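# Chains, contacts and geometry: an overview
Spelled out, the chains give:
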Amino acid sequence: MRPTAGGDAMRDGGGGRAGRLGSDGRRRPAWLGFAAICAIAVVSSVMMLARREAPPAGASMWLFARLHRDIYVPAVEDWNRTREPTVRMSLLGVQAMEQRTLSSFLSGTRSAELMEVERRIAARAFAGPVESVGFLDLTDRLREEGLLEAINASSFTPWTSRGRIFGLPHDVHPVMLGYRADIVEAAGIDVSTIETWDDFVRTLRPLMYDAGGAKRTDRYLLNLWETHQDVLEMLLLQAGGGIIDERGLPMLDAPVNARVLARAVSWGHGPDRIAADAPYFSAAGNRLLLDGYVLASFVPDWMCNIWRKEIPELGGKVKLMPLPAWEKGGRRTSAWGGTMLGISRDAPNPEECWAFAKHLYLSPELSRRLYTEGDIITPVKAFWSDPVFDEPDAYFGGQARGRAYINLAPQTPPRYNSPFSALALDRLRSAATQLAAYADAHPPATPESLEPEAARLLKAMQADIMRHVRRNRFFAEDAPPDDGVQP
Amino acid sequence: MTRGSDGMDARAGRVGLLACYILVIVATVIIAVPFVWLVCASFKSNADFLLYPFLPRGEGVLGVAWDRLTLDHFRSLFREAGVGRALLNSLVLSSVTAVLATLVCAMGGYALASLEFAGRRLVSNVVMAAVVIPSPLLIAPGFQVLYRLGLLDSYAGLILPAIAPAFGVYLFRQATLSSVPRELLEAARMDACGEVRAFFRVVFPLVQPMVAAFLLMTFLATWNNFLSPQVVLQTPEKMPLAVMIAQLKNVYYQDYGLLMAGTLASILPVGALFLLLQKDFVTGLTSGAVKG
């Protein structure tokens, strides 16, 4: 083709069409940008092809916690030296792991053979019929090998759906109260006399005010707010309530839940306020702890590790005590969080994966490292006698921290799990925030005055979740009939 | 009198210019603060991250503790987190998608604008209607299509759905209508120029500003795309930078320096590319603003 009109247009295309005058008066080639990106495409594609490696051999294991991965490295290297298949660990974000795990379970895309998952991921994986859950059913293996007795019983509950167990528990996660021992002991208060929440409030309330005696609040006793949904759930569990029952159905409307919620909200909004918000997992919250704005916080075993890393300045100033009970003789701890090791139902080598899971989680060396490096108590009861748990911890004022948690471990409540866990937790927070607004609007907000409203709100939230339950044919059979309560 | 009013005009002009400069400088500072903060944070230890908003204070030059700055975050980013591989993945995905999408959209736009064929009006209307569909709405059906085609966990599964966006086809249709004279195309055809050749020799050069703008937009959109790779890809080694950076976030304890170093590493390449192509980008965006 002879370059006629089109070619002319290209040559004198001014106005930014085919080329433009640069600042030095010369035309800048019009195709420069396109050529640059084409060059990037070619060069990067060639580099990628050159780096293409054969698919890695062995089994893959997904984890979400960097700390866990670092702790597992020696055990995995040990396994890979002598056993087959070799295992390679991949660290994923929790969200990424949740999406990939569920996507692989629901659509058949590739997943890892071994997955160390957090409680909420497991809950979502339990949505379908029990025989179609993407994790391998470990119940019979656990029973036959005596592991049901060897491992702390409540540690199985988050990984159990409709009576079947889908994971090997990683932890117990008992909860204690971490308090500012420097302030409490300076006031001559002995926390060992505290048995119930009433004792806690009565004994420590004088520390809320300044030394001059003026009724100005300098600090609050407890780090608790109605938006701390995990903490609220943990308190319900301690009292014998909870958000999900053992059938996997919501149980927000249990009377004990209303009692606890009314009490917790009155602590933040009642006439005798003792609680304040020092947000967990945030720099602002850490600062408030350091400043002594709140005297005590809820500390599961893993939280010790976070405090140690994020608030080293608290070292030597804090100590741990069992949670005050809701009534005399009641439970002195609860549970917060949880992790398991699951095996994909489609893993080509389930027996080898099971052998690896036991090698990792039932190893005494790993249990020790889990405690010394991660502050986490193993759920394997036989390892609880390890002297490492009796060593004094300078950060916590020389207390034998491990022993303190282990003494409470058998009391940890069962925390059941189901596809409705996330929804129930969300509705619990919703009820708590609405109750807080009610408390502000109807002073004086005592636990007794708030309890009927708490019961009403929780019943409405329960009705809302039950609508979802009845739409799930795999859970609807166990659901009670609709009682007509409007959400 | 005239000279006096000229002087006043000149002075007013200078004052206006000065006000403009001040405004631009203030705006630049406001825009630059987060970037400066990001750069500082990526070189600080986690302890200093919480203590100082910018550089850690100390005894060094300008009152800064230079010795407390660290390259550890970048080291662990490239050695442990595998950011090099993710960077390469992002470059391949973004550049290949951008080039293919630009070519396909330009061809589609040209066909809709200049070729006569049965159903052209219907196709144009469908393309226009498709522009208003939000892309998140297409994730679920798109996932099912990719699953049935066996394209999950592959780059083809990410690139193929992205190479003919309705927005791009419509954009190039409008660019062709406004920038390519019909007489020019007729002259080319009379000179026995085929449609493919006419497209590359006549149309493509004339819509070049739009090509540059669309190329850059697609490159940036693919570079920053988090959702699609997260849904479509499964193998960690195939993940692009946006997903890898998100995975640096821990559950409870955060390595802020590592996160900031990762963010910095992810914006530097596109920043450089934008500087290279910014004139074309602006020209492309404004080419339809004044019809001459």
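Residues numbered from 1 in each chain as written. Chains lettered and ligands numbered in written order. Predicted model: local features only at pLDDT ≥ 70, side-chain atom pairs only at ≥ 80, totals over all residues. Heavy atoms only, no water.

### Focus: the overall build of chain A
As a reminder of what qualifies: Helix numbering and strand numbering both begin at the N terminus, where a helix is a DSSP run of H or I of at least 4 residues and a strand a DSSP run of E of at least 2. To sort residues, take the accessible area from a 1.4 Å probe on protein chains only and compare it with the maximum for the residue type: under 20% means buried, over 50% means exposed, and anything in between is partly exposed. By definition, residues are in contact when any of their heavy atoms lie within 4.5 Å. Only the protein chains shown count as covering a residue, and every accessible area follows the Shrake-Rupley method with a 1.4 Å probe. Asp and Glu are treated as the negative residues and Lys and Arg as the positive ones, with His and the ends of the chain left uncounted. The atoms used to mark charge sites are NZ of Lys, CZ of Arg, CG of Asp and CD of Glu.
When helices and strands are tallied, chain A shows 19 helices and 14 strands. With the principal axes as the frame, chain A shows a C-alpha extent of 100 × 60 × 55 Å. A total of 487 residues make up chain A; the buried ones form 56% of that total. Pairs at least 24 residues apart make up 74% of the contacts formed inside chain A by residues separated by at least 6 positions. Carbon together with sulfur atoms contributes 53% to the accessible area of chain A, which is approximately 20300 Å² in total. Both charge centroids of chain A, one from 57 positive and one from 60 negative side chains, sit 7 Å from each other.

### Comments concerning the overall build of chain B
Cut-off, in case you're wondering: Only the C-alpha atoms count toward the radius of gyration. The rule for a globule is 2.2 Å times the residue count to the power 0.38.
Helix and strand content of chain B: 14 helices and zero strands. In sequence order, chain B lays out its α and β elements as α-α-α-α-α-α-α-α-α-α-α-α-α-α. A compact globule built from 292 residues would reach a C-alpha radius of gyration of about 19 Å, whereas chain B, at 25 Å, exceeds it by more than 25%. Projected onto the principal axes, the alpha-carbon positions of chain B cover approximately 80 × 80 × 30 Å. Across chain B, the fraction of contacts at a sequence separation of at least 24, relative to all contacts at a separation of at least 6, is 73%. A total accessible area of about 15700 Å² is found for chain B, and carbon and sulfur atoms account for 70% of it. The averaged location of the 16 negative side-chain charges in chain B is 4 Å from the averaged location of its 21 positive side-chain charges.

### What to know about the interface of chain B and chain A
As a reminder of what qualifies: Throughout, the accessible surface (probe 1.4 Å) given up by two parts as they are put together, summed over both, is called the buried area. Every case where a carboxyl oxygen of Asp or Glu lies within 4 Å of a side-chain nitrogen of Lys or Arg is listed as a salt bridge. Any N or O atom pair separated by 3.5 Å or less is treated as a polar contact, with the protein-specific requirement of one donor-capable and one acceptor-capable atom, and with residues adjacent in sequence counted only for side-chain atom pairs. For this classification, Asp, Glu, Lys and Arg are treated as charged, while Ala, Val, Leu, Ile, Met, Phe, Trp, Tyr, Cys and Pro are nonpolar and the rest, including Gly, are polar.
Taken together, the contact between chain B and chain A spans 57 residues of the former and 50 residues of the latter. Summing both partners gives a buried area of about 4900 Å² for chain B against chain A, and 62% of it is carried by carbon and sulfur. For the interface between chain B and chain A, the tally reads zero salt bridges. At the junction of chain B with chain A, the criterion picks out one residue pair in polar contact (both at pLDDT 80 or more). Within the side of chain B that touches chain A, the residues separate by chemical class into 37 nonpolar, 13 polar and seven charged.

### Some words on the pattern of salt bridges
Oppositely charged side chains can form a pair if their charged atoms are brought close together. All names here are of chain A. Applying the stated criterion to the full structure yields 34 salt bridges over all chains. Note that Arg164 and Asp140 form a salt bridge whose closest N and O atoms lie 3.4 Å from each other. Pair noted here: Arg164 is in strand S7 (residues 164–165) and Asp140 is in helix H6 (residues 139–144), with a separation of 24 residues, a long-range link. Note on Asp140: relative accessible area 38%, which makes it partly exposed. Measuring nitrogen to oxygen at the nearest pair gives 2.5 Å for the salt bridge that ties Glu351 to Arg141.

### Re the sheet that holds strand S14 (residues 339–343) of chain A
All names here are of chain A. As a reminder of what qualifies: One requirement defines pairing of two strands: DSSP has to find at least two bridges between them.
Taken in spatial order, the five strands make up an open sheet running S4-S3-S5-S14-S8, and their pairing is mixed. Of all strands in the sheet, those bounded by a partner on one side alone are strand S4 (87–91) and strand S8 (168–169). In the sheet, strand S3 (residues 59–63) pairs with S4 via five bridges, with the strands oriented parallel. Bridge pairing in S4 places Met61 opposite Met89.

### Re helix H12 (residues 283–290) of chain A
Residue and element names in this part refer to chain A. Going by this rule: Picture the helix axis, draw a direction to every C-beta atom, and the arc is the one those directions span.
For H12, every residue scored as buried is listed here: Gly285, Asn286, Leu289 and Leu290. The buried side chains of H12 occupy one side of the element, clustering within an arc of 140° when seen end-on. Packing partners of the buried residues in H12 comprise strand S9 (175–180), strand S10 (220–223), strand S12 (294–300) and helix H13 (301–310). Just downstream of H12 lies Gly292, where phi reads positive at about 75°.

### Here we look at the nonpolar core
Going by this rule: By convention a nonpolar core is built from buried Ala, Val, Leu, Ile, Met, Phe, Trp, Tyr and Cys residues, the set being connected through side-chain atoms within 4.5 Å.
Counting 128 residues, the largest nonpolar core has Phe200, Leu222, Leu224, Phe298, Trp307 and Leu360 of chain A as its most contacted members. Discounting residues that sit within four places of it in the chain, Leu224 of chain A has contacts with Val231, Leu232, Leu235, Ala264, Trp267, Ala275, Ala276, Asp277 and Phe298 of chain A. Core analysis: the next-biggest nonpolar cluster, separate from the first, contains 55 residues, Val83, Ala198, Met210 and Val211 of chain B among them.

### So, the sheet that holds S10 of chain A
Residue and element names in this part refer to chain A. Under the convention used in this document: Only the contacting stretch of a helix is used when fitting its axis, a line to C-alpha atoms as for every element, and angles between N-to-C directions run 0 to 180 degrees.
Spatially, five strands are ordered S11-S10-S12-S9-S13 in an open sheet, and the strand pairing comes out mixed. For this open sheet the edge positions go to strand S11 (275–276) and strand S13 (318–322), each flanked by a neighbour on one side alone. Of the strands in this sheet, S9, S10 and S12 are in contact with helix H9 (residues 197–204), which crosses S10 at around 140°.

### Quick notes on the confidence of the model for chain B
Detailed reading of the predicted coordinates is not advisable wherever pLDDT falls low. Residue and element names in this part refer to chain B. Keep this limit in mind: Residue-level confidence of the predictor, termed pLDDT, takes values from 0 up to 100.
Averaged over chain B, the pLDDT score is 86; the fraction of residues at 70 or greater is 93%. Between the elements of chain B, mean pLDDT differs from a low of 76, seen in helix H2 (residues 46–51), to a high of 93, seen in helix H7 (residues 155–159). Interface confidence for the predicted complex, given as ipTM, is 0.77, next to a pTM of 0.75.

### Observations concerning the state of the cysteines
What counts here: Counting rule for disulfides: a pair of cysteine sulfur atoms within 2.5 Å.
Counted by the stated rule, this structure contains zero disulfides over all chains. Of the cysteine sulfurs around Cys38 of chain A, a residue in no disulfide, the closest is that of Cys105 of chain B, at 15 Å. Judged by relative accessible area, which is 23%, Cys38 of chain A ranks as partly exposed.

### Description of a nonpolar patch on the surface
Here is the rule: Excluding any residue in a salt bridge, patches collect residues exceeding 30% relative accessible area, merging like charges within 9 Å and nonpolar Val, Leu, Ile, Met, Phe, Trp and Tyr side chains within 5 Å.
Taken together, Leu17, Tyr21, Ile25, Val29, Val33, Val36, Trp37 and Phe54 of chain B make up a surface patch of nonpolar side chains, about 730 Å² in accessible area. Tracing the chain through its elements places Phe54 of chain B in the loop between H2 and helix H3 (72–79).

### Overview of the environment of Asn223 of chain A
Residue and element names in this part refer to chain A. Structurally, Asn223 can be placed in strand S10. A relative accessible area of 1% places Asn223 in the buried class. C-alpha separation for the pair Asn223 and Gly33, spaced 190 residues apart in sequence, amounts to 57 Å. Polar contacts involving the side chain of Asn223 include one to the main-chain carbonyl oxygen of Ala278, which spans 2.8 Å.

### Considering the packing of helix H2 (residues 32–51) of chain A against helix H4 (residues 83–114) of chain B
Put simply, the rule reads: Note that the term roughly parallel is reserved for angles under 35 degrees, roughly antiparallel for angles over 145, roughly perpendicular for angles of 65 to 115, and oblique for everything else. Helix crossings fall into two classes, left-handed where the near helix is turned counterclockwise from the far one by less than a right angle and right-handed where it is turned clockwise.
Where H2 of chain A contacts H4 of chain B, the two axes come as close as 8 Å, and the packing angle between them is 135°. As judged from the angle between their axes, H2 of chain A and H4 of chain B are oblique. Classified by chirality, the crossing of H4 of chain B by H2 of chain A is left-handed. Each of Phe34, Ile37, Cys38, Ile40, Ala41, Ser44, Ser45, Met47, Met48 and Arg51 of chain A in H2 of chain A lies in contact with H4 of chain B, whose residues at this interface are Arg85, Leu88, Asn89, Leu91, Val92, Ser95, Val96, Ala98, Val99, Thr102 and Leu103 of chain B. Residue composition of the contact of H2 of chain A with H4 of chain B, grouped by class: 14 nonpolar, five polar and two charged.

### Here we look at the packing of aromatic side chains
To keep it simple, the criterion reads: In this scheme Phe, Tyr and Trp rings, the latter by its six-membered ring, pair at centre separations within 6.5 Å, and the angle between planes marks the pair as stacked below 30 degrees, edge-to-face above 60, and tilted otherwise.
Under the defined criterion, the tally for this structure stands at 26 aromatic pairs over all chains. A centroid spacing of 4.5 Å and a plane angle of 5° characterise the contact between Phe49 of chain B and Tyr256 of chain B, whose relative ring orientation is stacked. With a gap of 207 residues between them, Phe49 of chain B in helix H2 and Tyr256 of chain B in helix H14 (residues 256–286) connect regions that are remote in the sequence. Relative to Trp223 of chain B, the ring of Phe219 of chain B has its centre 6.0 Å away and its plane inclined at 20°; by these criteria the two rings are stacked. Separated by four residues within a single helix, Phe219 of chain B and Trp223 of chain B lie in helix H11 (residues 208–224), roughly one turn from each other. No difference in accessibility class separates Phe219 of chain B from Trp223 of chain B, as the two residues are buried. Taken together, Trp197, Phe200, Trp267, Phe298 and Trp326 of chain A form an aromatic cluster joined through their ring pairs.

### What about the packing of helix H3 (residues 66–82) of chain A against helix H15 (residues 364–374) of chain A?
Between two packed helices, what matters for the description is the angle formed by their axes and the separation of those axes. Residue and element names in this part refer to chain A. Following both chains from N to C, one finds H3 and H15 inclined at 145°, their axes separated by 10 Å at the closest point. Our pair here, H3 against H15, has a crossing hand that is right-handed. Together, Leu67, Asp70, Ile71, Tyr72, Pro74 and Ala75 of H3 and Leu366, Arg369, Leu370, Glu373 and Gly374 of H15 make up the contact between the two elements. Here the residues of the contact of H3 with H15 sort into seven nonpolar, one polar and three charged.

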